[in-house]
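# Survey of secondary and tertiary structure
Chain by chain, the residues:
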Amino acid sequence: MSLKILLSGAKGRMGKAIQSIASEHDCEISFSVDLGDNAEDGIENCDVVIDFSLRDATRSLAELAKQYNKPMVIGTTGHEKDDRTAIEQLSSSIPIVWAGNFSTGVNLLFFLTQQAAKVLDLNSNFDPEVIEMHHRLKKDAPSGTADRLLEILKDSRSASEQDIIHGREGMPGERNVSEIGSHALRGGDVVGEHTVMFAGIGERIELTHRATDRIIFAAGALKAAKWIRGQPASLYSMQDVLGLTA
Ligand code: NAD
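Because the structure is predicted, anything quoted here is derived from the model rather than measured.

### Let's talk about the overall build of the chain
Within the chain, the regular secondary structure consists of eight helices and eleven strands. Here the C-alpha radius of gyration of the chain, 19 Å, is about what a compact globule of 246 residues would show, namely 18 Å. In terms of overall dimensions, the chain has a C-alpha envelope of 60 × 35 × 30 Å along the principal axes. For the chain, buried positions account for 47% of its 246 residues.

### Brief notes about the nonpolar core
Ile5, Ile18, Ile50, Val73, Val97 and Phe102 are the most contacted members of the largest nonpolar core, which has 29 residues in total. Residue assignment for this core shows that the elements contributing at least two residues are strand E1 (3-8), helix H1 (13-21), strand E3 (48-51), helix H7 (215-228) and helix H8 (238-242). Here Val97 is in contact with Met72, Val73, Ile74, Phe102, Ala224, Trp227, Ile228, Tyr236, Ser237, Met238 and Val241, once residues within four sequence places are set aside. Formed by 19 residues, the second largest nonpolar core is a distinct cluster that contains Leu120, Leu150, Leu153 and Phe198.

### Structural notes on the sheet that holds strand E7 (residues 164-166)
The strand order across the open sheet built from five strands is E7-E8-E6-E9-E10, with neighbouring strands paired in mixed fashion. Each edge of the open sheet carries a strand with a single partner, namely E7 and strand E10 (204-211). Strand-to-strand twist across the sheet, computed as the mean angle between neighbouring axes with direction ignored, equals 15°. Taken strand by strand, helix H5 (residues 104-119) contacts strand E9 (192-199) and E10, and its axis lies near 165° from that of E10.

### Digging into the side chain of Asn107
Relative to the helices and strands, Asn107 resides in helix H5. Separated by 3.1 Å, the side chain of Asn107 and the backbone oxygen of Asn101 make a polar contact. Those residues in contact with Asn107 that lie beyond four places of it in its chain are Asn101, Phe102, Met238, Gln239, Leu242 and Leu244.

### Section: helix H4 (residues 81-90)
Residues of H4 that are buried: Asp83, Ala86, Ile87 and Leu90. Along the axis of H4, the buried residues cluster in a sector spanning 95°; they form a single face. Every exposed residue of H4 that faces more than 90 degrees away from the buried side is listed here: Lys81 and Gln89. Where H4 is buried, its residues touch helix H3 (55-67), strand E4 (72-74) and strand E5 (96-98).

### Some details on the environment of Asn107
Using a relative accessible area of 2% as the deciding quantity, one classes Asn107 as buried. In this structure, the C-alpha to C-alpha distance between Asn107 and Thr145, residues 38 residues apart in sequence, is 9.3 Å.

### A word on the packing of H1 against H7
The angle between the axes and the distance between the axes are what describe a pair of packed helices. Where H1 meets H7, the closest approach of the two axes is 9 Å, and the angle between their N-to-C directions is 65°. Put simply, H1 runs roughly perpendicular to H7. Crossing angle aside, the handedness with which H1 passes H7 is right-handed. Residue-level contacts link Met14, Ala17, Ile18, Ser20 and Ile21 of H1 to Ile215, Phe217, Ala218, Ala219, Ala221 and Leu222 of H7. Each residue belonging to the contact of H1 with H7 can be placed in one class, and the counts come to ten nonpolar, one polar and no charged.

### Comments concerning the site of the ligand
Close contacts around the ligand come from 23 residues, with Arg13, Met14, Asp34, Thr77 and Phe102 the closest. One nitrogen or oxygen atom from the side chain of Thr77 is found 2.7 Å from an oxygen atom belonging to the ligand. For the ligand, an oxygen atom lies 3.1 Å from a polar atom in the side chain of Lys138. Starting from 870 Å² of accessible surface for the ligand in isolation, the protein chains cover 80%. Among the residues forming the shell around the ligand, the class breakdown is eight nonpolar, nine polar and six charged.

### So, the packing of aromatic side chains
Considering all chains together, one arrives at two aromatic pairs under this definition. Taking 5.9 Å as the distance between ring centres and 55° as the angle between the ring planes, the aromatic pair formed by Phe52 and Phe102 counts as tilted. Here Phe102 lies in the loop between E5 and H5 and Phe52 lies in the loop between E3 and H3, a separation of 50 residues in the sequence. Given the relative accessible area of 12%, Phe52 is considered buried. A centroid spacing of 5.0 Å and a plane angle of 85° characterise the contact between Trp227 and Tyr236, whose relative ring orientation is edge-to-face.

Parameters at a glance
- Residues numbered from 1 in each chain as written.
- Predicted model: local features only at pLDDT ≥ 70, side-chain atom pairs only at ≥ 80, totals over all residues.
- Heavy atoms only, no water.
- Helix = DSSP H or I, 4+ residues; strand = E, 2+ residues; numbered from the N terminus.
- Rg over C-alpha atoms; globule rule 2.2 N^0.38 Å.
- Buried < 20%, exposed > 50% of the residue type's maximum accessible area, 1.4 Å probe, protein only.
- Core = buried A, V, L, I, M, F, W, Y, C linked by side-chain atoms within 4.5 Å.
- Contact = heavy atoms within 4.5 Å.
- Pairing = 2+ DSSP bridges.
- Axes fitted to C-alpha atoms, helices over the stretch in contact; angles between N-to-C directions.
- Polar contact = N/O pair within 3.5 Å; in protein donor to acceptor, adjacent residues only side chain to side chain.
- Arc of directions from axis to C-beta.
- Parallel < 35°, antiparallel > 145°, perpendicular 65-115°, else oblique.
- Left-handed = near helix turned anticlockwise from the far one by under 90°.
- Nonpolar A, V, L, I, M, F, W, Y, C, P; charged D, E, K, R; others polar.
- Near = heavy atom within 4 Å.
- Areas by Shrake-Rupley, 256 points an atom, 1.4 Å probe, with all protein chains shown as cover.
- Phe/Tyr/Trp six-rings, centres within 6.5 Å; stacked < 30°, edge-to-face > 60°.

Right, here's the structure in full:
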């Protein structure tokens, strides 16, 4: 029997991509939600809730998922800290896969970045910078994927939020050894590109992922939806779904 999905953000780019391949993944969209629709009308009859809408919409949908005891897959990015904290707390009651990027390749990039960051640590004399590029219509910056890469670098170096430097302008002075640079490029129809650069003296390492079709995110989200069903309440990443843990 196919997995019944309540899909929020159904009329958006990702919503349409998910609908176009749902049946190939043995899933059916049992209820579609977009601006102005009421998710409560379809939540009882679904197995899993998938959210690819707008950052302000996720929290109330997650509260509804908790009320009806439904697992949730969150793809929406750019949430405010308050909302992030509230949604994280809800994962003590329902299982949630929350990923800024559902592609297998990007999750391998997360894994490789964790490995590289262990070797190229604060004492190694390599400077980490994260560069991302997306289409001109993207609303948030940096991307959820870049945020995750920055978090991996920050945690690995025991750095703080203040060490993450978003863009540089004017006279920022010499680069501080603790800095982790972050740069967001926007333009055209770029689906999503991320580079983690470790710049040393006389050498440089770059780990790059390029997405050329958003169908990879849709396929990953459906894979996560099938995986999350039956898991105990907790907050999971796509690395958990793929079994890629450092
Ligand atoms: P989009 O703007 O094309 O679509 C968003 C849709 O959500 C629109 O149809 C909009 O009307 C709808 N919406 C707005 N408010 C809503 C509400 N309150 N309830 C339900 N629907 C609502 O955007 P997109 O490119 O499809 O991306 C959607 C989100 O997913 C963004 O946050 C984007 O950054 C993120 N995204 C994540 C991944 C990933 O792998 N995690 C990949 C691509 C995009």
